[in-house]
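Take a look at the letters that make up each chain.
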Amino acid sequence: MRRHMRRVYNLSYRFTSNRQEAEDLSQEVFLRIYRTLGSYRSVNGQFTTWLSSVTRNLLIDHYRRTRRDRITDSIEDSMPHLEQKESASRRPDDQALASELSSQVQGALAKLSPELREAVILRDLQGLDYREIQQVLSVPEGTVKSRINRGRIELARLLEQIGVRPE
């Protein structure tokens, strides 16, 4: 759990944009892993790929359960939460800029369709290769590449609309 908690939490946070939900979902993932560990077979892929699949499936279930609830979310719940990052080597103004950028990227990710968002998150934020993503999403490799490409283009367009440009 200690080895993989960060991966699961980051994936959950990127999908939910909510720290508390991501923590709760991460706990649920590890409970599900504990219950189904006997079904993991190393010949079918790496453990991290299986872990990502379990996490993704739980996130999809959560998305379906909460779809109706999102319409009636309060304004406070829908406001973006800034990630708190502590570092002795960062200056406060650099830390504030990084937090603002992280918030903007998170907001833009939330506007992507679930299919594009999960492909971009798995590739660019989780670092999975195309084959691993293909296994996690259960779609052909060409579909994976297409979703990543379309997701990156759409993400760049959304970020450019709010004035974020690559340096």
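Residues numbered from 1 in each chain as written. Predicted model: local features only at pLDDT ≥ 70, side-chain atom pairs only at ≥ 80, totals over all residues. Heavy atoms only, no water.

**Things to note about the packing of helix H1 (residues 5-16) against helix H6 (residues 114-125)**
For any two helices packed against each other, one specifies the crossing angle of their axes together with the interaxial distance. Convention followed: All axes here are fitted lines through C-alpha atoms, helices being fitted over the stretch that makes contact, and every angle between N-to-C directions spans 0 to 180 degrees. Put simply, DSSP H or I for four residues or longer makes a helix, DSSP E for two residues or longer makes a strand, and each gets a number counted from the N terminus. The sense of a crossing depends on the near helix, which, turned anticlockwise from the far helix by less than a right angle, makes the crossing left-handed and, turned clockwise, makes it right-handed. Here, two residues are considered to be in contact whenever any of their heavy atoms come within 4.5 Å of each other. Gly counts as polar in this scheme, as do all residues outside two lists: the nonpolar Ala, Val, Leu, Ile, Met, Phe, Trp, Tyr, Cys and Pro, and the charged Asp, Glu, Lys and Arg.
At their nearest, the axes of H1 and H6 sit 11 Å apart, and the two run at 145° to each other. As H1 packs across H6, the resulting crossing turns out to be right-handed. In this structure, H1 uses Leu11, Arg14 and Phe15 to contact H6, whose residues at the interface are Pro114, Arg117, Glu118, Ile121, Leu122 and Leu125. In terms of residue class, the contact of H1 with H6 is made up of six nonpolar, no polar and three charged.

**Details of the environment of Asp124**
The test is simple: Two N or O atoms count as a polar contact when they lie within 3.5 Å, although within protein this holds only if one can serve as hydrogen donor and the other as acceptor, and sequence-adjacent residues are included solely when both atoms are side-chain atoms.
Looking at where Asp124 falls in the secondary structure, it is placed in helix H6. Distance in space between the C-alpha atoms of Asp124 and Ile148 is 8.8 Å, their sequence separation being 24 residues. At a separation of 2.6 Å, a polar atom in the side chain of Asp124 contacts the side chain of Arg152.

**Describing the nonpolar core**
The cut-off we apply is this: Working definition of a nonpolar core: buried Ala, Val, Leu, Ile, Met, Phe, Trp, Tyr and Cys residues. They are joined through side-chain atoms within 4.5 Å. Working definition: with a 1.4 Å probe on protein chains only, accessible area under 20% of the residue-type maximum means buried, over 50% means exposed, and in between means partly exposed.
In this structure, Val29, Ile33, Leu109, Leu122, Ile133, Leu137 and Leu155 are the most contacted members of the largest nonpolar core, which totals 29 residues. Contributing elements (two or more residues each) for this core: H1, helix H2 (19-36), helix H3 (47-71), helix H5 (92-111), H6, helix H7 (130-137) and helix H8 (141-161). Excluding anything up to four places from it in sequence, Leu109 contacts Arg14, Arg117, Val120, Ile121, Leu125 and Leu155.

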